[in-house]
Amino acid sequence: MPIPMLKESQPKAGTVGFQTNGFSLDPALEGVKEGVLAMLALADAGGLETAVRLVRNDSLAEEAYKLTCDETGVLAEAGGEAGAVHASAALAQLALENGGVLPACTAFDEPRFGWRGLSLDICRHFFPLETVKRIVELMTFYRFNRLHLHLSDDQGFRFESERFPLLNTVGSRRESTLVRKNGKNGQDGIPHGGYYTKAELRELVAYCKARGIEIVPELDMPGHALAMIAAYPKLACFADKEHPVQVATSFGVSEFSKVLLCAGNERTYAFLFGLLDEIMEIFPFEFIHLGGDEAVKDEWKRCPNCQKVKQEQGLKDERELQGWFLSRVSRYLETRGRKAIIWNDGLCASLDSNIVCQYWRPFLAVGNRSTAHYANAGGRVIGSDFLHIYFDYPYAATPLKKTFHYEPVLGGIKKTRASNVVGTECAVWTEWIDTEEKLFFNLLPRLAAAAEAGWSQRRRNYREFVKKLPAHYALYKRLGLAYAKDAEQHLPFWKRVRIAKAFLFENTHVELPGGGV
Ligand code: ACM
Ligand code: ZN
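Residues numbered from 1 in each chain as written. Chains lettered and ligands numbered in written order. Predicted model: local features only at pLDDT ≥ 70, side-chain atom pairs only at ≥ 80, totals over all residues. Heavy atoms only, no water.

Novice: Tell me about the pairing of strand 11 (residues 178–181), and please be specific about residues and values.
Specialist: Across 4 bridges, strand 11 lies against strand 12 (residues 184–187) in antiparallel orientation. Among the inter-strand pairings, leucine 178 is bridged to a residue of strand 12, identified as glutamine 187. Taking the residues that link successive antiparallel strands as the turn, the strand 11-strand 12 hairpin has 2 residues, and the phi of asparagine 182 there is positive, at about 45°. (Pairing = 2+ DSSP bridges. Helix = DSSP H or I, 4+ residues; strand = E, 2+ residues; numbered from the N terminus.)

Novice: Tell me about helix 15 (residues 446–455), and name the residues and values.
Specialist: Three- or four-residue spacings in an α-helix give side chains the same orientation, since the helix completes a turn every 3.6 residues. Burial of helix 15 is extensive: 10 of the 10 residues sit out of reach of the surface. The set of residues buried in helix 15 consists of Arg446, Leu447, Ala448, Ala449, Ala450, Ala451, Glu452, Ala453, Gly454 and Trp455. (Buried < 20%, exposed > 50% of the residue type's maximum accessible area, 1.4 Å probe, protein only.)

Novice: Please give an account of the environment of leucine 42 that cites residues and values.
Specialist: Here leucine 42 is to be found in helix 1 (residues 33–42). Here leucine 42 falls in the buried class, since its relative accessible area comes to 10%. Setting aside residues up to four positions removed in sequence, leucine 42 forms contacts with Leu96, Phe141, Leu475, Arg478 and Leu479. (Contact = heavy atoms within 4.5 Å.)

Novice: Give a detailed account of the pairing of strand 14 (residues 214–221), specifying residues and quantitative values.
Specialist: Of all 8 residues making up strand 14, 7 are buried, and the element is well covered by its neighbours. In the sheet, strand 8 (residues 146–153) pairs with strand 14 via 6 bridges, with the strands oriented parallel. By the bridge assignment, serine 152 is partnered in strand 14 with leucine 219. Pairing between strand 14 and strand 15 (residues 287–291): 2 bridges, direction parallel. The partner of methionine 221 across the bridge, within strand 15, is glycine 291.

Novice: So what's going on with the pattern of salt bridges? Residues and values would help.
Specialist: Summed over all chains, the structure comprises 32 salt bridges. Notably, a salt bridge pairs glutamate 312 with lysine 308, separated by 3.3 Å at the nearest N-O pair. With a gap of 4 residues between them, glutamate 312 and lysine 308 both fall in helix 9 (residues 304–312), about one helical turn apart. Across the pair, exposure class does not vary: glutamate 312 and lysine 308 are exposed alike. Each of Asp121, Arg124, Asp153 and Glu431 takes part in one network of salt bridges that share partners. (Salt bridge = Lys/Arg side-chain N within 4 Å of Asp/Glu carboxyl O.)

Novice: Explain the nonpolar core to me, using residue names and the numbers behind them.
Specialist: Nonpolar side chains tend to gather and get buried jointly when the protein is soluble and globular. By size, the foremost hydrophobic cluster in this structure holds 158 residues, and its most contacted members are Leu147, Phe283 and Leu447. When residues no more than four places from it in sequence are discounted, the contact partners of phenylalanine 283 are Leu149, Leu151, Phe159, Leu201, Val205, Ile215, Pro217 and Arg338. Within the second largest apolar cluster, 7 residues are counted, among which are Ala396, Trp432, Phe503 and Val510. (Core = buried A, V, L, I, M, F, W, Y, C linked by side-chain atoms within 4.5 Å.)

Novice: Kindly report on the packing of aromatic side chains, identifying the contributing residues and their values.
Specialist: In this description, an aromatic ring pair is defined by two values, namely the gap between the centres and the angle between the planes. For the structure on display, the rule yields 27 aromatic pairs. Between the aromatic rings of tryptophan 115 and phenylalanine 287, the centroid separation amounts to 5.2 Å while the plane-to-plane angle is 80°, which identifies the pairing as edge-to-face. One end of the pair, tryptophan 115, is in strand 7 (residues 115–121); the other, phenylalanine 287, is in strand 15, and 172 residues separate them in sequence. Each member of the pair, tryptophan 115 together with phenylalanine 287, is buried. For the pair phenylalanine 126 and tyrosine 196, a centre-to-centre distance of 4.7 Å together with 45° between the ring planes defines the contact as tilted. Taken together, the residues span a long stretch of sequence, with phenylalanine 126 in the loop between strand 7 and helix 3 (129–141) and tyrosine 196 in the loop between strand 13 (192–193) and helix 5 (198–209) at a distance of 70 residues. (Phe/Tyr/Trp six-rings, centres within 6.5 Å; stacked < 30°, edge-to-face > 60°.)

Nothing here speaks to function; it is geometry throughout.
Set out below in structure tokens:
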């Protein structure tokens, strides 16, 4: 059975052999032909030669599909283009799991949640477009439908801007990077940088569209904005006057997190609106992420311009000033037919209630409570609990089983409001992911486990999931991708602690083959 699990399936006797003629695609599904063929090709068993007929069935929802595999071949009926890609991914997986033939069966499948995303941080470490495409291919295979691109942070700016060229010449490059591996614990002294050109991003948009995936670009504000401020210091409250700002060479919430975009200066909004215009021109999708996380408000507290706006708008504190800031930018997006998302740190009374909240931070009870309250009051929420589906942590800290069992409807949300949780999104933050090997090692097989959390119903069987993994490991191997072999195995607690400690203090590559355990 595929990953994620089919919602309904009835096995029949026998298998369906491959035939030499007969792939046909309904012209109504032509927009995803490339993605469909890419998925079938992953079956590596002459999958393209199977007599697969893919037709549109208007009685099905956009992402739903039906399969009928019998002696006459394979009929896949899809509600829409996304459903067609999902159907082809499921067929490829069935073939992979059954030695290259399809088991005779009928099946019906549709997702539990409409939002199944992966957030990719290409700021802390930049990865080339080809790598992003590989990830998109894996997302397609596991039926994800949102790629959230974290394009701007303290450590680098990754979008080509023609209006603000210093974002690229200055903001996209840092002098050095903090490392903790192979006996080195400190700055590496090696410049690191890069950004995607508009041509590359257009290519990525087309690639994603052909696979039923929408891109959600993120411009993190008013904090995590050091790369933009290094390029244009006047965007900050004091940066051009008090201290020169450089693109950050270390990570986390620290002294530099106090340097924010100034909320009391019209220059900030003119800059953001201009930049967002460029972003909207490249990404034609509905949602733009505005960040709003981990903004330390010390400078806002002593900035006369910020304080003036706070008073004029009758805002209680700097948290509400941020709510007002984000709402103003969100309203700008709305005039252009787009919608905003923010991290749950940004929830407050002054925030527009139509902004979608991405919940990541459960350790403060207030984060959980305020997000549940938001959903109960009608706000929409995406579940991204860092303890379950952040992929930057070692498997010792976030075991595969925990990711598999992630429940996006967080405690405190009323049953009648559960539909306000629109889905789930896992995240790959790359502070400590500096190589392709580590990137794919941390992703695989976690992506498969997270796929179940977004697609399948609440009750899931981990043992059944684990039985399916060998076929997937074989595929990763064939594709030449690093993966965490044996990630499904239970480690004793002492060993998990030992690895987590090593990761935190000595060696962030500790879990990799040859990484030191
Ligand atoms: C986050 O992890 N700072 C959203
Ligand atoms: Zn200010």
